[in-house]
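The chain contents come next:
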Amino acid sequence: MIVGVPREIFPGERRVALVPGVLPALAKAGLEVVVEAGAGVEAGYADAEYESKGAKILPRREDVFSSADIIVQVLGYGSNDRTGRADLPLLKRGQVLIGFLRPLGDVHTLEELAASGVTSFSVELMPRITRAQNMDALSSMATICGYKAVLIGADKLPKLFPMLTTAAGTITPSRVLVIGAGVAGLQAIATARRLGAVVSAYDLRPVVKEQVQSLGGRFVELPIEAADAQDAGGYAKAQDESFYQKQRELLGKVVAESDVVITTAVVPGKKSPVLVTKDMVEKMTLGSVIVDLAAERGGNCELTRSEEIIVAHGVTIVGTINLASSVPYHASQMYAKNLTNFLLHIVKDGKLALNLEDEIARSTLVTQSGEVVNPRLREFFNLPALAAAQ
Ligand SMILES: NC(=O)c1ccc[n+]([C@@H]2O[C@H](COP(=O)([O-])OP(=O)(O)OC[C@H]3O[C@@H](n4cnc5c(N)ncnc54)[C@H](O)[C@@H]3O)[C@@H](O)[C@H]2O)c1
């Protein structure tokens, strides 16, 4: 089977789906790779490197799509909501498509993908089970985002992060607050600590307290308890507005005392909860920074503008999206490793071996034979159950 790697076409995207280093493992499994010319250049991987690992470079995008049995992308149609549609006519019936497809986004996009006849897999739907950990692209990208958020915060802050004792006096360390201590949040805590900041973190899931503390962060305890804080997959559950209201009141003081606030609180398939209001921003010290990693999904700060960096009431609010793309070398390396593990899982003896008894394949499969077949997505979008699934 041939795996095709088209160049990413989302504006500003610098990652690539496969890096040369994973090609030997794919070859061993009987998978040949074709790469669109220049696909890895922005991430730091030259065409010649792919060629030296056995890939064929094709100058024309159409040829990558027409020659491949499996297309792998970072931002496929769906998560590439700007230019992704251009790939629809290039997809072939029965071809396999794997990538970030934003499956909980827009049902019409899924239906269009289904109509193209592709067998598509969305990496966002990877189940959170031990077996699938090395295929979990969301976690890989979240790790990168958490790290980069801290660097941006440190860069925008008119203060130093570490405590310094110098001949010119003692500099007190900056205070960083991380709201949402999932994968991105935990990496942000570790990175901010390495830079010498005093770090605290809050999450509505009390189970993360120990993880925060083990990274040297202080866990902020609020005297409210979320009903049913997490679902079976370990994701936070949406709470009612009165809970968020109470949370904001209690978080206000901690936010006001922080130099940098990094927010990562998202709820899958829902608009992100507003946890930092305009009033709270007004109470922050001049020059403080908010890096809102939830910006793409509405933002955790009321004043966040997606894709923009603004200054409001003297506070810099960073709403930059797609941060993982700003560390493209390692983001691509991690993503490529995740995809390779997934490919090796669903391909046996050089052929697609789709076993729907297997939780990994079943959870990630989105469309097949012209239909949106994923039961979770059909339920989410109120589509009638498929005859075969009834
Ligand atoms: N294979 C696996 O077992 C596996 C893989 C990845 C992650 N996980 C676990 O899943 C959990 C979720 O991780 P994630 O990074 O994907 O989460 P996420 O990106 O969905 O959310 C980020 C964090 O925001 C928190 N949050 C949501 N609403 C909030 C609110 N109102 N107030 C405060 N915090 C709020 C969530 O609890 C979460 O910790 C983590 O415990 C992680 O370790 C397990």
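Residues numbered from 1 in each chain as written. Predicted model: local features only at pLDDT ≥ 70, side-chain atom pairs only at ≥ 80, totals over all residues. Heavy atoms only, no water.

Considering the overall build of the chain
Alright, step 1. Looking only at helices and strands, one finds twelve helices and 19 strands in the chain.
Alright, step 2. The C-alpha atoms of the chain give a radius of gyration of 22 Å, which matches the 21 Å a tight globule of 390 residues would have.
Alright, step 3. Based on the C-alpha atoms only, the size of the chain along its principal axes is roughly 65 × 55 × 35 Å.
Alright, step 4. Split into buried and exposed, the 390 residues of the chain put 52% on the buried side.
Alright, step 5. Contacts in the chain between residues at least 24 apart in sequence constitute 67% of all its contacts with a sequence separation of at least 6.
Alright, step 6. Only carbon and sulfur atoms are counted for the fraction: they give 53% of the accessible area of the chain, which is about 17200 Å².
Alright, step 7. Across the chain, the centroid of the 40 positively charged side chains sits 3 Å from that of the 43 negatively charged ones. (Helix = DSSP H or I, 4+ residues; strand = E, 2+ residues; numbered from the N terminus. Rg over C-alpha atoms; globule rule 2.2 N^0.38 Å. Buried < 20%, exposed > 50% of the residue type's maximum accessible area, 1.4 Å probe, protein only. Contact = heavy atoms within 4.5 Å. Areas by Shrake-Rupley, 256 points an atom, 1.4 Å probe, with all protein chains shown as cover. Lys, Arg positive; Asp, Glu negative; His and termini not counted. Charge placed at Lys NZ, Arg CZ, Asp CG, Glu CD.)

Concerning a nonpolar patch on the surface
Alright, step 1. Taken together, the side chains of Leu 160, Leu 164 and Ile 171 make up a nonpolar region of the molecular surface, amounting to roughly 210 Å² of accessible area.
Alright, step 2. Relative to the helices and strands, Leu 160 is located in the loop between α5 (137-156) and β7 (164-166). (Patch = residues over 30% accessible without salt bridge, like charges linked within 9 Å, V, L, I, M, F, W, Y side chains within 5 Å. Salt bridge = Lys/Arg side-chain N within 4 Å of Asp/Glu carboxyl O.)

Structural notes on the side chain of Asp 259
Alright, step 1. Structurally, the position occupied by Asp 259 is in the loop between α8 (241-256) and β12 (260-263).
Alright, step 2. Each residue touching Asp 259, except ones within four places of it in the same chain, is listed here: Leu 157, Lys 159, Ser 174, Arg 175, Ser 288 and Val 289.

Here's the deal with unusual backbone geometry
Alright, step 1. You will see that Asp 349, though not glycine, has its phi angle at about 50 degrees, which is positive.
Alright, step 2. Mapped onto the fold, Asp 349 is located in the loop between β16 (347-348) and β17 (351-352).
Alright, step 3. What makes Asp 349 exposed here is its relative accessible area of 79%.
Alright, step 4. Phi at Asn 382 takes a positive value of approximately 55 degrees, unusual for a residue other than glycine.
Alright, step 5. By the secondary structure assignment, Asn 382 is in the segment after α12 (375-380).

Description of the layout of surface pockets
Alright, step 1. Considering only enclosed or pocket space, the second largest pocket measures out at about 500 Å³ in volume.
Alright, step 2. Breaking the lining of the second largest pocket down by element, the ones donating at least two residues are α11 (359-364) and α12.
Alright, step 3. Here the residues of the lining of the second largest pocket are counted per class, giving eleven nonpolar, three polar and eight charged. (1 Å grid on protein atoms, 1.4 Å probe; cavity = no way out; pocket = protein on both sides within 12 Å on 5 of 7 lines; lining within 4 Å. Points joined across faces, edges and corners; volume = space filled by probe spheres on them. Nonpolar A, V, L, I, M, F, W, Y, C, P; charged D, E, K, R; others polar.)

Details of the pattern of salt bridges
Alright, step 1. Here the structure, examined in full by the defined rule, presents 21 salt bridges.
Alright, step 2. For the salt bridge of Glu 257 with Lys 253, the shortest nitrogen-to-oxygen distance reads 3.3 Å.
Alright, step 3. By relative accessible area, which is 40% here, Glu 257 ends up partly exposed.
Alright, step 4. Sharing partners across several salt bridges, the network here consists of Asp 81, Arg 82, Arg 102, Glu 296 and Glu 307.

Structural notes on the site of the ligand
Alright, step 1. Residues in close proximity to the ligand total 23 residues, the closest being Arg 128, Val 183, Asp 203, Arg 205 and Gln 247.
Alright, step 2. Leu 204 is positioned with one of its backbone polar atoms (N or O) 3.4 Å from a nitrogen atom of the ligand.
Alright, step 3. Out of a free accessible area of 830 Å², the ligand has 86% covered by protein chains. (Near = heavy atom within 4 Å. Polar contact = N/O pair within 3.5 Å; in protein donor to acceptor, adjacent residues only side chain to side chain.)

Considering α8
Alright, step 1. Taking 1.5 Å per residue as the helical rise, α8 with its 16 residues ought to reach 22 Å, and the 22 Å between its terminal C-alpha atoms agrees with that figure.
Alright, step 2. Taking the largest bend as the criterion, α8 deviates by roughly 35 degrees, centred on Leu 250.
Alright, step 3. All of the buried residues in α8 are Phe 243, Tyr 244, Gln 247, Arg 248, Leu 251, Gly 252, Val 254 and Val 255.
Alright, step 4. Packing partners of the buried residues in α8 comprise β9 (175-179), β10 (198-202), β11 (218-219), β12 and α9 (278-282). (Expected span 1.5 Å × (residues − 1). Bend = angle between axes of the 7 residues up to and from the residue.)

Brief notes about the packing of aromatic side chains
Alright, step 1. Tallying each qualifying case throughout the model produces five aromatic pairs.
Alright, step 2. Ring centres 4.7 Å apart and planes at 15 degrees place the aromatic pair Tyr 45 and Tyr 329 in the stacked group. Of the two residues, Tyr 45 is situated in the loop between β2 (32-36) and α2 (47-52) and Tyr 329 in helix α10 (residues 328-346); the sequence distance between them amounts to 284 residues.
Alright, step 3. With 5.5 Å between their ring centres and 20 degrees between their planes, Phe 100 and Tyr 335 make a pair best called stacked. Of this pair, Phe 100 sits in strand β5 (residues 96-100) while Tyr 335 sits in helix α10, and the two are 235 residues apart along the sequence. (Phe/Tyr/Trp six-rings, centres within 6.5 Å; stacked < 30°, edge-to-face > 60°.)

Concerning the packing of α5 against helix α6 (residues 183-194)
Alright, step 1. Two elements in contact, α5 and α6, have axes separated by 7 Å at closest approach and are oriented at 40 degrees. For the crossing formed where α5 meets α6, the hand is right-handed. Contact with α5, carried on its side by Ser 139, Ala 142, Thr 143, Gly 146, Tyr 147 and Val 150, involves Val 183, Ala 184, Gln 187, Ala 188, Thr 191 and Ala 192 of α6 and no other residues of that element.
Alright, step 2. Of the residues in the contact of α5 with α6, the class split is seven nonpolar, five polar and no charged. (Axes fitted to C-alpha atoms, helices over the stretch in contact; angles between N-to-C directions. Left-handed = near helix turned anticlockwise from the far one by under 90°.)

What about the packing of α5 against α10?
Alright, step 1. The contact between α5 and α10 brings their axes to 9 Å, and the two run at 165 degrees. Between α5 and α10, the angle is such that the two are roughly antiparallel. Crossing of α5 against α10: the hand is right-handed. Every residue of α10 that contacts α5 at Ala 137, Ser 140, Met 141, Thr 143 and Ile 144 is listed here: His 330, Ala 331, Met 334, Tyr 335 and Asn 338.
Alright, step 2. In the contact of α5 with α10, the residues fall into six nonpolar, four polar and no charged. (Parallel < 35°, antiparallel > 145°, perpendicular 65-115°, else oblique.)

Some remarks on the environment of Ala 39
Alright, step 1. Its place among the elements puts Ala 39 in the loop between β2 and α2.
Alright, step 2. Setting aside residues no more than four positions away along its own chain, Ala 39 makes contact with Val 5, Pro 6, Arg 7, Arg 15, Val 16 and Asp 47.

Concerning the nonpolar core
Buried together is how nonpolar side chains tend to be arranged in soluble globular proteins.
Alright, step 1. Counting 71 residues, the largest nonpolar core has Leu 18, Val 72 and Ile 98 as its most contacted members.
Alright, step 2. Tyr 244, Leu 251, Cys 301 and Leu 303 belong to the second largest nonpolar core, which has 29 residues in total. (Core = buried A, V, L, I, M, F, W, Y, C linked by side-chain atoms within 4.5 Å.)

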